[in-house]
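The lines below spell out each chain.
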Amino acid sequence: MFSESSRWRSALIVTCVVLATLAGGRALWQHQRELHRPEYVLINETGQHDYDLAFKMSLKLAEKKSGIENALVLLESLPPSKTIEETAAGLFEQLRIGARRNGRGILYLYSAKENFLRILVSYDLEGDIPDAYCRRLEEAARTYMLSEVPQDFISELIITTNLRGMGSKSAADAPSRPRWLSDDFLSGGGGALVRGYGKTMADYQRAIRSLPAADLQHFLPSQDAKVTMERYLSSLAAGIGDPRLPLLTEGSRIFRAVVPRDEAQQKRIHEFFQGAAPYRLIFAGDLGLAVPQPGHSNLPFVLRRGGDALWYVDEPKAWTYFHRFEDNVNFYVKYADNPFLESLRALHLPNMERAIYGDHARTPALPAYPYALASEIQVREDTIRSEPQNAEHHAALGDLYLFEMNWLTKSIAQYEKAVTLAPNEIAYHWRLMDLYINASLADKALAELKFLSEHLPADQQTQDWYRSYKKEYDFDRN
């Protein structure tokens, strides 16, 4: 059994792959001397550095698992009169990518202004990671890098290329643009493609309505939870990531729009879950949980019964109620008030002795479903306008975005306001730390954990977590 500190260290590590909107920065090409060559190559010449620490950990983890050196270079724009191919080739040679790994190296070069990605692999890896595979990834980037939260694409980029480099071709299909994801959707129905599409709930709803017609009638919700679950699994097996899937909750549809997934990703989820068959269904009021067998890498699936007596799949709750750590294939419960915790313990599943957060953070009350999310957001925004200095109102809106849609950027914005208004409310800091971890904001997560360790001096576990995190992310010492 792993210690609690190692579990939490792995939690932060596994979520630390993200790429943010890039702007500003001094050009790499102004340097006349030889480039500085750190152990883990991250060169970020943009004005956005919130994720640098997470990038370094991502590169470290990938190399540890695959034995391949991964290097990431982020540019504001390409140098004058240089193509991205020429730029990548020059960097690969100048930085000697893969030299300390017996010639096994991968360079990921992204230029924000042009929205171009180039992947260059060393000669020894060309048989496992061919040009055609890299070109497919590069083309997919032109879609995913415009999204609000492109971390899923970058995560898949690093994971799949390293799997390919390890010879696992069957488990490493290249991500591609989802069939349902049109240019009209990317623009929010407004025409021009822009970085960070879908800024508001209305933007996403309008974009979803603009999608071309699709036959999804085989995936209706059912009054039988098992039937809904089987239809959902069939949709994953078919690689269907369309946010209009009828058996999804409204919040799940928004979640799919904010974080689009392609066919390969959906099929991989299905394969993993089928590998953990047979699943068991347990219930807690109007919630159901499809629980995979232990010993397999999976999160459980959450179902939700509506006032229409139909069972829907609630995708955000799988991510907000549960977590799977890098050093353990079995899932954990996040909060002590999780409605399934006692039933999961009765099944004698591993990791159920305690919730990750214990009572430090809690889940909000579950509203009856269905209800109009846009209307509920409007109500809470109106409440904030009436009492803008009330931290509880901001936290309540943050919880709505998090638990109903897993919309991390919106939830973070509200909880940061709540903490500003009520800086000594410990529960808000715990929520922010969790949000920062899942959004790959490693620096901010560490700052929150430092605050918590200082304000909870008698909490030995919090002290252990902070010391472990701080040591793991001290790259000057590593």
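Residues numbered from 1 in each chain as written. Predicted model: local features only at pLDDT ≥ 70, side-chain atom pairs only at ≥ 80, totals over all residues. Heavy atoms only, no water.

K.L.:
Please explain the overall build of the protein chain as it appears in this structure.
P.N.:
For the protein chain, the helix and strand inventory stands at 18 helices and ten strands. For the protein chain, the residues scored as buried account for 56% of the 478 residues in total. Of the contacts formed within the protein chain by residues at least 6 apart in sequence, a portion of 64% connects residues at least 24 apart. (Helix = DSSP H or I, 4+ residues; strand = E, 2+ residues; numbered from the N terminus. Buried < 20%, exposed > 50% of the residue type's maximum accessible area, 1.4 Å probe, protein only. Contact = heavy atoms within 4.5 Å.)

K.L.:
What is the right way to look at helix H3 (residues 84-95) in this model?
P.N.:
At 3.6 residues per turn, the α-helix brings residues three or four places apart onto the same side. Taking 1.5 Å per residue as the helical rise, H3 with its twelve residues ought to reach 16 Å, and the 16 Å between its terminal C-alpha atoms agrees with that figure. Every buried residue of H3 is accounted for by Ile 84, Thr 87, Ala 88, Leu 91, Phe 92 and Leu 95. Angular distribution of buried residues about the axis of H3 spans 130°; they occupy a single face of the element. Residues of H3 that are buried in the fold lie against strand S1 (42-44), strand S2 (69-75), strand S3 (105-111) and strand S4 (116-121). Taken from the residues just after H3, Arg 96 is the one with a positive phi, measuring 55°. (Expected span 1.5 Å × (residues − 1). Arc of directions from axis to C-beta.)

K.L.:
Is there a simple way to explain the nonpolar core in this structure?
P.N.:
Taken as a class, soluble globular proteins show a tendency for nonpolar side chains to be buried jointly. Ranked by internal contacts, the top residues of the largest apolar core, which has 83 residues, are Ile 119, Phe 153, Phe 322 and Leu 344. A total of seven residues in this core trace back to one element, the largest contributor, which is helix H16 (residues 426-438). Ignoring any residue separated from it by four or fewer positions in sequence, one finds Ile 119 in contact with Ile 106, Leu 107, Tyr 108, Cys 134, Arg 135, Leu 137, Glu 138 and Leu 157. (Core = buried A, V, L, I, M, F, W, Y, C linked by side-chain atoms within 4.5 Å.)

K.L.:
Whenever I open this one, unusual backbone geometry confuses me. Can you help?
P.N.:
As a rule of thumb, non-glycine residues mostly have phi less than zero, and peptide bonds are mostly trans rather than cis. Along the chain, Ala 277 connects to Pro 278 via a cis peptide bond; the corresponding omega equals 0°. Backbone torsion omega between Tyr 369 and Pro 370 reads 0°, so that peptide bond is classified as cis. Inspection of the secondary structure assignment puts Pro 370 in the loop between helix H12 (341-346) and helix H13 (373-386). Phi is positive for Ser 81, close to 65°, though the residue is something other than glycine.

K.L.:
Please explain empty space enclosed by the protein as it appears in this structure.
P.N.:
Vacant regions in the atomic arrangement are exposed by a probe of water-molecule size rolled over the atoms. Summed over the entire model, instances satisfying the criterion amount to six cavities of 30 Å³ or more. Reported here for the largest cavity is a volume of approximately 70 Å³. Lining of the largest cavity is provided by Pro 292, Gln 293, Pro 294, His 296, Asn 298, Asn 330, Phe 331, Leu 349, Pro 350 and Met 352. A breakdown of the residues in the lining of the largest cavity according to their chemical character gives six nonpolar, four polar and no charged. (1 Å grid on protein atoms, 1.4 Å probe; cavity = no way out; pocket = protein on both sides within 12 Å on 5 of 7 lines; lining within 4 Å. Points joined across faces, edges and corners; volume = space filled by probe spheres on them. Nonpolar A, V, L, I, M, F, W, Y, C, P; charged D, E, K, R; others polar.)

K.L.:
Quick question: what am I supposed to make of the sheet that holds strand S6 (residues 287-291) here?
P.N.:
In a beta sheet, neighbouring strands are held together by backbone hydrogen bonds and run either parallel or antiparallel to one another. An order of S5-S6-S7-S8 is seen for the four strands of this open sheet, with the pairing classed as antiparallel. The open sheet terminates on both sides in strands that have one partner only, identified here as strand S5 (280-284) and strand S8 (311-313). This sheet shows a mean twist of 30° between the axes of neighbouring strands, independent of strand direction. Pairing between strand S7 (residues 301-305) and S8: three bridges, direction antiparallel. Looking at the pairing, Leu 303 lines up with Val 313 of S8. (Pairing = 2+ DSSP bridges. Axes fitted to C-alpha atoms, helices over the stretch in contact; angles between N-to-C directions.)

K.L.:
Honestly, the pairing of S2 in this entry has me stumped. Any pointers?
P.N.:
Regular strands have side chains that alternate between both faces of the sheet. The buried fraction of S2 is high, at seven of seven residues. Of the strand pairs in this sheet, S1 and S2 are connected by three bridges, and their pairing is parallel. Residue pairing in the sheet places Leu 42 in a bridge with Leu 72 of S2. What joins S1 to S2 is helix H2 (residues 52-66), and the crossover it makes is left-handed. Following the chain from S2 across H3 to the adjacent parallel S3, one finds a crossover that is right-handed. (Right-handed = clockwise from strand over helix to strand, strands pointing away.)

K.L.:
What is the right way to read the environment of Phe 475 from this model?
P.N.:
By the element assignment, Phe 475 lies in the segment after helix H18 (460-472). Spatially, the C-alpha atoms of Phe 475 and Met 57 are 8.9 Å apart, while their sequence positions differ by 418 residues. Residues within four places of Phe 475 in sequence aside, it is in contact with Tyr 40, Leu 53, Lys 56, Met 57 and Lys 60.

K.L.:
Please explain the packing of helix H17 (residues 442-455) against H18 as it appears in this structure.
P.N.:
If you want to describe how two helices pack, look at the angle between their axes and the distance between the axes. Two elements in contact, H17 and H18, have axes separated by 9 Å at closest approach and are oriented at 145°. The handedness of the crossing between H17 and H18 is left-handed. Contacts between H17 and H18 involve Leu 446, Leu 449, Lys 450, Leu 452 and Ser 453 from the former and Thr 462, Gln 463, Trp 465, Tyr 466, Tyr 469 and Lys 470 from the latter. Each residue belonging to the contact of H17 with H18 can be placed in one class, and the counts come to six nonpolar, three polar and two charged. (Left-handed = near helix turned anticlockwise from the far one by under 90°.)

K.L.:
Hey, could you run me through the packing of aromatic side chains in this one?
P.N.:
Pairs of aromatic rings are described using the distance from one ring centre to the other and the angle between the two planes. In total, this model carries 15 aromatic pairs according to the counting rule given. Consider the rings of Tyr 335 and Tyr 357, whose centres lie 5.6 Å apart with planes at 15°: the pair is stacked. Note that Tyr 335 is positioned in the loop between strand S10 (331-333) and H12 and Tyr 357 in the loop between H12 and H13, a separation of 22 residues in sequence. Neither residue differs from the other here; Tyr 335 and Tyr 357 are each classed as buried. In this structure an aromatic cluster arises from ring pairing among Tyr 321, Phe 322, Phe 331, Tyr 335, Tyr 357, Phe 403, Trp 430 and Trp 465. Positioned over the ring face of Tyr 133 is Arg 164, at 4.6 Å from the centre of the ring. Cation over ring: Lys 410 sits above Trp 407, and NZ or CZ is 5.4 Å from the ring centre. (Phe/Tyr/Trp six-rings, centres within 6.5 Å; stacked < 30°, edge-to-face > 60°. Lys NZ or Arg CZ within 6 Å of the ring centre and 35° of its normal.)

K.L.:
Could you clarify how one ought to interpret the sheet that holds S4 in this entry?
P.N.:
Spatial ordering of the open sheet is given by S1-S2-S3-S4, a layout of four strands whose pairing is mixed. Across the chains shown, the open sheet's two edge strands, defined by having one partner strand only, are S1 and S4. Looking at each pair of strands side by side, their axes are set apart by 10° on average, direction ignored. The sheet contact formed by S3 and S4 spans six bridges and is antiparallel. The residue bridging Ser 111 from the neighbouring strand is Phe 116, located in S4. Most of the contacts of H2 go to S2, to which it runs at about 155°, and overall it touches S1 and S2. The strands that H3 touches are S1, S2, S3 and S4; relative to S4, the one it contacts most, it runs at about 40°.

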